Amino acid sequence: MSSIKLVLQDPVIVRDFLRTRTPYETAKTALFFYFVITQSLKFCRHVQARGITDSLRDSWTWTYKQALLLALKVPSVQKDVQQQLNKARLDIEGKLVPQGVNVSRHLVLPDEGKSMEWIIAEMEKMDGELGTHADWKHGKLSGAVYHGGDDLSRIIVAAFERYTVSNPLHPDVFPAIRKMEAEIVSMCLRMYNNPDGAGTMTSGGTESIVMAIKTYRDWAREVKGITEPEMIVPATAHAAFDKGAAYMKVKVHLVPVDPVTRKVNIKRVRRAINRNTILLVGSAVNFPDGNQDDIIVLGELAAKHNIGLHVDCCLGSFIVPFLEKAGLSDGEDGGAKYKLSPFDFRVRGVTSISCDTHKYGFAPKGSSVIMYRDAALRRHQYYITPYWTGGVYASPSLSGSRPGALIAGTWAAMQYMGSDGYLKSCREIVSCARTIANTITNSIPELYVLGSPPASVVAFGSKSPEVNVHEVGDAMSKKGWHLNALTGPAAVHIACTRLTLPLVDTFIADLKDSVQQAKLAPSGKGTMVALYGLGQSSPVGPDMVSEVATMFLDTLYKA
C-alpha cells in the first residue's frame, strides 16, 4: 500500500504514465472517474439523509420486492392475481357507475339541443341514480364539502352568472376579474401577515404546491447554480409535494415525524440538508392527522442555509389565521394540548405559504392562493416565452385560460363572510373538533388521538389489540359516514366542517357503537380493511394498491 502511495506521489512516474495513454483513453478514464465520483456523492447524500439503518432497510425491501414481483410472473400466480384485480374492478364500478334499465347514458351529442327544463330534470335524475348515500347534504362527511350556507351559495351563483364567459387571460376585456384576483391575493397576504408580499391564484392546493416547487427549482438554478435539486418533506406532508417533485424532477427526501407529537423530526431534517437542497416543507396543519410542524425551527434552518421554506396551509386556510383572535391558539390545559405555534410570514425563514380559499374560505371549488415573501421570488413561478409565432406568451401559473367566474365567486364569498364571519366559523368548527378529540381521549379507551391537533382535523388510531381501527372506519361507513383512512400508523380521520356542527353527538354515538362492533364482530371485508390491509401485506402491497387506484381512476371516465 505504501509503495502505491509513493508511486502516485512521484510526478515523473505519473507524467510518464499519462504520456503512454492516447487522448481517447485519457478522456475515457476521466469520464469513468467523473461518473464514479458523482454517483458516490449522490449515494453519500442519500445515506446521510436517510440514515444507514433506513438505507439498509430500503435496500432489503427493494430486493424482496423484486423477488416477489418475479414470483408473480408465474402463470398460475398471475392468473389468481388477475382474478382478484378483476373482482376489485367490478366492485369499484358497482359503487361508482349506475346500472339498470332506467339509467340514461348520453354518449353522443343529441341531434337537437335540449330545453332548460329537460336538462334540470335529467340532472335531478342523475343525482339519485346511486341512491341517497351519495347526498352530501346529510353532513356525514370528512371535509369534501365546505358549505358556507344557502345564502352564500346563491351569492356565488349570482357571481357565476355575471362573469360566466370571463377569462383573466384577457385583463383588458375583463378588468373587474383582474382586480378581483389581485384583491383576493392581497386579502390572503394580510391574513397571513405579509401585506408587502406577492402571490397568485391557482386551481387548488395541488397546483399551489406544484407552483411553489417550480418556483424554488428555477430560483435555485438561477441564483445558486443548482442543477440537481432536492427538497426535504415530512412524511405527513400532502402527496402533492411528491407529485410536484415528480413533475419538476426534484429529488424528495421524506423525513419521518415524531410518533407522539406528529411533528417532523428536526434532527433528521438537519441531517438531510446538503448543497443541492432548495426547499424545506412544513404543514400548518397537515392533512393526515391535523397536526402542525415546528415552523419556527424549520424557519431557522431555512434562513441559515439560504433555502426556501414552504408552509402548507391549504387545509388550515381560513382556520389557523383566526385561532389567535378566537382565543383558541393557546390550546387547553395550559397549552398542554391543541396549542398552535407561530406559522405565518412573521416567522423568520418562511418564504411561501399555500392557502385554499375553497376549503374553510367557502369559495367555489377550484380556487387557491400561493403566497411569497416578495415579488422577486414570485417571478420564478411565471412562464414566459417571447419566441412563439403567436406572439409573446406569459402566464402566472399552469393554466393559460382560467375561469373568471371562479375568481368572482371566490371574491364574493370572501366579501360576504368578512373577518367576523370567518372568526365565528373558526370558533365553531375548532370547538367541534376538540369536543370529538376530548371525547375520544376521555370516553373511548380503545382509541387514541394522534398528536395534539390545534385546528379542525381529528385522527384516531387503536391502542387495543382487539380493535382494528380500519374495521371501525368500515363500521362508520355502514352508518353513512364518509371518513378518511390513514396509514403509518393505521388510523381514521374526520375533518370537521360547518356540516359537522349539528352532528357531533351523532358522530360520537356512532363511533362508540362502531368500536364495539369492530371489537366483538369484525367483518374483515370492509373497504378500508381490504385496501389498506393489502397495502401493508408485503413489499408488493403498495404496487397492488396502485393498480387498484388506477382502476378507480379509469372508472371515473366510464360513461
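This text goes with the structure placed above it.
Each value, and the rule that gives it
Residues numbered from 1 in each chain as written. Predicted model: local features only at pLDDT ≥ 70, side-chain atom pairs only at ≥ 80, totals over all residues. Heavy atoms only, no water. Axes fitted to C-alpha atoms, helices over the stretch in contact; angles between N-to-C directions. Helix = DSSP H or I, 4+ residues; strand = E, 2+ residues; numbered from the N terminus. Left-handed = near helix turned anticlockwise from the far one by under 90°. Contact = heavy atoms within 4.5 Å. Pairing = 2+ DSSP bridges. Buried < 20%, exposed > 50% of the residue type's maximum accessible area, 1.4 Å probe, protein only. Lys, Arg positive; Asp, Glu negative; His and termini not counted. Salt bridge = Lys/Arg side-chain N within 4 Å of Asp/Glu carboxyl O. Polar contact = N/O pair within 3.5 Å; in protein donor to acceptor, adjacent residues only side chain to side chain. Core = buried A, V, L, I, M, F, W, Y, C linked by side-chain atoms within 4.5 Å. Phe/Tyr/Trp six-rings, centres within 6.5 Å; stacked < 30°, edge-to-face > 60°. Patch = residues over 30% accessible without salt bridge, like charges linked within 9 Å, V, L, I, M, F, W, Y side chains within 5 Å. Areas by Shrake-Rupley, 256 points an atom, 1.4 Å probe, with all protein chains shown as cover. Parallel < 35°, antiparallel > 145°, perpendicular 65-115°, else oblique. Nonpolar A, V, L, I, M, F, W, Y, C, P; charged D, E, K, R; others polar. Disulfide = S-S within 2.5 Å.

J.: So what exactly am I meant to see when it comes to the packing of helix α7 (residues 150–162) against helix α14 (residues 404–443) here?
T.: The packing of two helices is summarised by the inter-axis angle and the distance between the axes. Contact pair α7 / α14: the axes reach a minimum separation of 8 Å and the direction vectors enclose 145°. The handedness of the crossing between α7 and α14 comes out as right-handed. From α7, Asp 151, Leu 152, Ile 155, Ile 156, Ala 159 and Phe 160 reach across to α14, where they touch Ala 405, Leu 406, Ala 408, Gly 409, Ala 412, Ala 413, Tyr 416 and Met 417.

J.: Just to check I follow, could you spell out the pairing of strand β3 (residues 251–255) for this structure?
T.: One face of the sheet, then the other: side chains in a regular strand alternate in exactly this way. Two elements, strand β2 (residues 230–234) and β3, share five bridges in a ladder whose sense is parallel. Bridging across to β3, Glu 230 finds its partner in Lys 251.

J.: How should I be thinking about the side chain of Asp 293 in this particular structure?
T.: Locating Asp 293 in the fold gives a position in the loop between β4 (277–283) and α12 (295–305). Nearest to the buried, unbridged Asp 293 among oppositely charged side chains is Lys 263, at 6.9 Å. From its side chain, Asp 293 meets the backbone nitrogen of Ser 283 in a polar contact 2.9 Å long.

J.: How should I be thinking about the nonpolar core in this particular structure?
T.: Side chains of a nonpolar character, in soluble globular proteins, are inclined to be buried together. The biggest cluster of nonpolar side chains holds 97 residues, and the ones touching the most others in it are Tyr 192 and Phe 507. No other element matches α14, which puts 16 residues into this core. Here Phe 507 is in contact with Ile 436, Phe 460, Met 476, Trp 481, Leu 483 and Ile 494, once residues within four sequence places are set aside. If you look at the next biggest cluster of nonpolar residues, it comprises 23 residues, including Ile 213, Tyr 216, Ala 240 and Phe 241.

J.: In this structure, what is going on with the pattern of salt bridges? I would like to understand it.
T.: When the charged atoms of two side chains lie near each other, side chains of opposite charge can form a pair. Under the definition given, this model contains 19 salt bridges. We note a salt bridge from Asp 510 to Lys 140, for which the minimum N-O separation is 3.9 Å. In this pair, Asp 510 is assigned in helix α16 (residues 504–520) and Lys 140 in the loop between α6 (116–127) and α7, connecting sequence segments 370 residues apart. Judged by its relative accessible area of 12%, Asp 510 is buried. Ionic pairing is found between Arg 346 and Asp 344, a salt bridge with its closest N-O pair at 3.0 Å.

J.: I would appreciate a short explanation of the packing of aromatic side chains in the present structure.
T.: Each aromatic ring pair is summarised here by two numbers: the centre-to-centre distance and the angle between the ring planes. Applying the stated criterion across every chain, the model contains eight aromatic pairs. On the basis of an interplanar angle of 35° and a centroid distance of 6.0 Å, the ring pair of Phe 322 and Tyr 422 is categorised as tilted. Linking Phe 322 in the loop between β5 (308–312) and β6 (352–355) with Tyr 422 in helix α14, this pair joins segments that are 100 residues apart in sequence. A relative accessible area of 5% places Phe 322 in the buried class. In this structure Tyr 422 comes out as buried when scored by relative accessible area, which is 3%. Where Trp 388 meets Tyr 393, the ring centres are 6.0 Å apart and the plane angle is 90°; that geometry is what we call edge-to-face. We classify Tyr 393 as partly exposed; its relative accessible area is 28%.

J.: Where do I start with the sheet that holds strand β13 (residues 491–495) in this structure?
T.: With antiparallel pairing, the four strands of this open sheet are ordered in space as β10-β11-β13-β12. The open sheet has two edge strands with one neighbour each: β10 (447–449) and β12 (484–486). The sheet shows a mean angle of 30° between the axes of neighbouring strands, direction not considered. Here strand β11 (residues 457–462) pairs with β13 via four bridges, running antiparallel. Within β13, the residue paired with Val 458 across the bridge is Ile 494. Along the sheet, helix α15 (residues 469–478) contacts β10, β11, β12 and β13; its crossing angle with β13, the most-contacted strand, is approximately 45°.

J.: Just checking my understanding: could you explain the sheet that holds strand β1 (residues 198–202) for this structure?
T.: Two pairing modes exist for strands in a sheet, parallel and antiparallel, and in both the strands are linked by backbone hydrogen bonds. With mixed pairing, seven strands are arranged side by side in an open sheet as β1-β7-β6-β5-β4-β2-β3. Because the sheet does not close on itself, it has two edges, and the strands there are β1 and β3. For this sheet, the mean angle separating the axes of adjacent strands, direction not counted, is 20°. In the packing of helix α9 (residues 205–223) onto the sheet, the strands contacted are β1, β2, β4, β5, β6 and β7 (368–372), and the crossing angle to β7 comes to about 25°.

J.: Just to check I follow, could you spell out the side chain of Asn 194 for this structure?
T.: Mapping Asn 194 onto the fold places it in the loop between α8 (175–191) and β1. For Asn 194, a relative accessible area of 9% puts it in the buried group. Other than its neighbours up to four places away in sequence, Asn 194 contacts Leu 189, Phe 345, Tyr 372 and Arg 373.

J.: Which parts of the structure should I look at to understand a nonpolar patch on the surface?
T.: A cluster of nonpolar side chains, Phe 32, Phe 33, Phe 35, Val 36, Ile 37 and Leu 41, forms an exposed patch at the surface whose accessible area comes to about 580 Å². Accessibility expressed as a relative area gives 48% for Phe 33, which makes it partly exposed.

J.: Where do I start with the packing of α14 against α16 in this structure?
T.: At a minimum axis distance of 10 Å, the contact between α14 and α16 shows a crossing angle of 30°. With respect to each other, α14 and α16 are oriented roughly parallel. As α14 runs across α16, the sense of the crossing is right-handed. On the side of α14, the interface is formed by Cys 432, Thr 435, Ile 436, Thr 439, Ile 440 and Ser 443, while α16 contributes Val 504, Phe 507, Ile 508, Leu 511 and Lys 512. Across the contact of α14 with α16, the residue classes tally to seven nonpolar, three polar and one charged.

J.: I would appreciate a short explanation of the environment of Gly 473 in the present structure.
T.: Looking at the secondary structure, you find Gly 473 in helix α15. Take Gly 473: its relative accessible area is 2%, and that puts it in the buried class. For the pair formed by Gly 473 and Ala 518, sequence separation is 45 residues and the distance between their alpha carbons is 9.0 Å. Apart from the residues lying within four places of it in its own chain, the contact partners of Gly 473 are Val 492 and Met 528.

J.: What's the story with the state of the cysteines in this structure? I'm lost.
T.: Linking two cysteines covalently via their sulfur atoms produces the bond known as a disulfide. In the structure shown here, the tally under the stated rule is zero disulfides. Of all cysteine sulfurs, the one in Cys 355 lies closest to Cys 314, which takes part in no disulfide; the gap is 7.4 Å. The class for Cys 314 is buried, based on a relative accessible area of 6%.

J.: What is the right way to read the environment of Gly 390 from this model?
T.: As for its placement among the helices and strands, Gly 390 is situated in the loop between β8 (383–385) and β9 (393–395). With relative accessibility at 52%, the residue Gly 390 sits in the exposed group.

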